[in-house]
Each structure stands twice: as structure tokens, then as C-alpha cells.
Amino acid sequence: MRLVRERGGTYQCRRTPRGPACSGIQASCTLVFGALCLGAYHHYRWPRIVGLIVLCVPLSLVANSIRISAIPAAEVVVGWDLTEGWPHETLGYLVLAFAIALLQPEQHRDG
């Protein structure tokens, strides 16, 4: 389904041809890879790394929900079509970067 703006400012949901599945699973795998890299970089012990990997599941669900919600919101608010092409890819990378940033530990400064 795709939100299409009709004449007169009304919106209709239209069926679109089905393409390959969105990259939600790929984003989840990338988050897990990011958690493993983060653990290796900070020399975490395995229990903390496993905790980061478990955290990737709800984090990827939230990130993908934000991405999916942003697509019709951008269409309605500013008229941007983020359903395909480079805008869709860019939105996916931005949301993925946001999710990876949430995996970063809080840095404490002494003093």
C-alpha cells in the first residue's frame, strides 16, 4: 500500500507492486555486528556483549518503527516520497546510525 495525494488535497491508499522485503532484518544484523564491534573495541566481557546483542532486538524494532512511521509522515507534511530510491535508502541509513548511536555507552569523565 502507498499513500497517494489526490487532487483537492485528499489522500488515498493505493496498492503498489510488491518488491523485495524491506531491509529491517539487514538492519538488525548490522546492529548486532555493531554491538560485537563495540564490545571488541571497549574490551567488554562476554556477558556485557551478550547484553548488547539482546538490546539490539528491541532497538531494531523501535528504529524500524520510526522509519516506517516517517515515510507517510513525510508524504503528508512536506510531500516527500520516501518509499523508494535514494531517499528511502538515506532514511534507512540515518535511522540505523541513530540506533547504533544508542548502543554507545555513556562516557564518564573523572574530575
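Heads up: the structure comes first, above all this text.
Structural notes, computed from the coordinates. Throughout, a residue's number is its position along its own chain's written sequence, starting from 1. In view of the model being predicted, local features appear only for residues whose pLDDT reaches at least 70, and side-chain atom pairs are presented and counted only at 80 or more, with totals across whole chains, interfaces and linings using the full set of residues. Side-chain metrics rest on all non-hydrogen atoms present in the structure, leaving aside hydrogens and water.

## Some remarks on the packing of aromatic side chains
For step 1, the next point in the chain: For this analysis, a ring pair means two rings from Phe, Tyr or Trp (six-membered ring only for Trp) whose centres lie within 6.5 Å, classed as stacked if their planes differ by under 30 degrees, edge-to-face if by over 60, and tilted for the remaining angles. This model, assessed by the stated rule, comprises zero aromatic pairs.
For step 2, the next point in the chain: By definition, being over a ring means that NZ of Lys or CZ of Arg is both within 6 Å of the ring centre and within 35 degrees of the ring normal. The ring of Tyr 44 carries the charged tip of Arg 48 above its face, separated from the ring centre by 4.0 Å.

## Regarding the environment of Ile 49
For step 1, the next point in the chain: Helical segments are the DSSP runs of H or I of at least four residues, strand segments are the runs of E of at least two, and each set is numbered from the N terminus. By the secondary structure assignment, Ile 49 is in helix H2 (residues 46–77).
For step 2, the next point in the chain: Taking relative accessible area as the criterion, Ile 49 reaches 6% and is therefore assigned buried.
For step 3, the next point in the chain: Distance from Ile 49 to Val 32, taken between C-alpha atoms, is 9.7 Å for residues 17 residues apart in sequence.
For step 4, the next point in the chain: Residue contacts are counted whenever heavy atoms from the two residues lie within 4.5 Å of one another. In contact with Ile 49, other than residues within four places in its own chain, are Leu 36, Gly 39 and Tyr 44. Between buried and exposed lies partly exposed: a residue is buried under 20% and exposed over 50% of the maximum accessible area for its type, with that area taken using a 1.4 Å probe on protein chains only.

## Some details on helix H1 (residues 24–41)
For step 1, the next point in the chain: An expected span of 1.5 Å times one less than the residue number is assigned to each helix. Over its 18 residues, H1 extends 25 Å from the first C-alpha to the last, a length consistent with the 26 Å expected when each residue adds 1.5 Å.
For step 2, the next point in the chain: Among the residues of H1, those classed as buried are Gly 24, Ala 27, Leu 31, Gly 34, Ala 35, Leu 38 and Gly 39. Axial view of H1: buried residues confined to an arc of 130 degrees, hence all on one face. Across H1 from its buried face, at more than 90 degrees, point the exposed residues Ile 25, Gln 26, Cys 29, Phe 33 and Ala 40.
For step 3, the next point in the chain: Two residues or fewer past H1, His 43 is found with a positive phi of approximately 55 degrees. Regarding the arc, it is the one traced by the directions from the helix axis to the C-beta atoms.

Interpretation in functional terms is not warranted from these geometric data alone.
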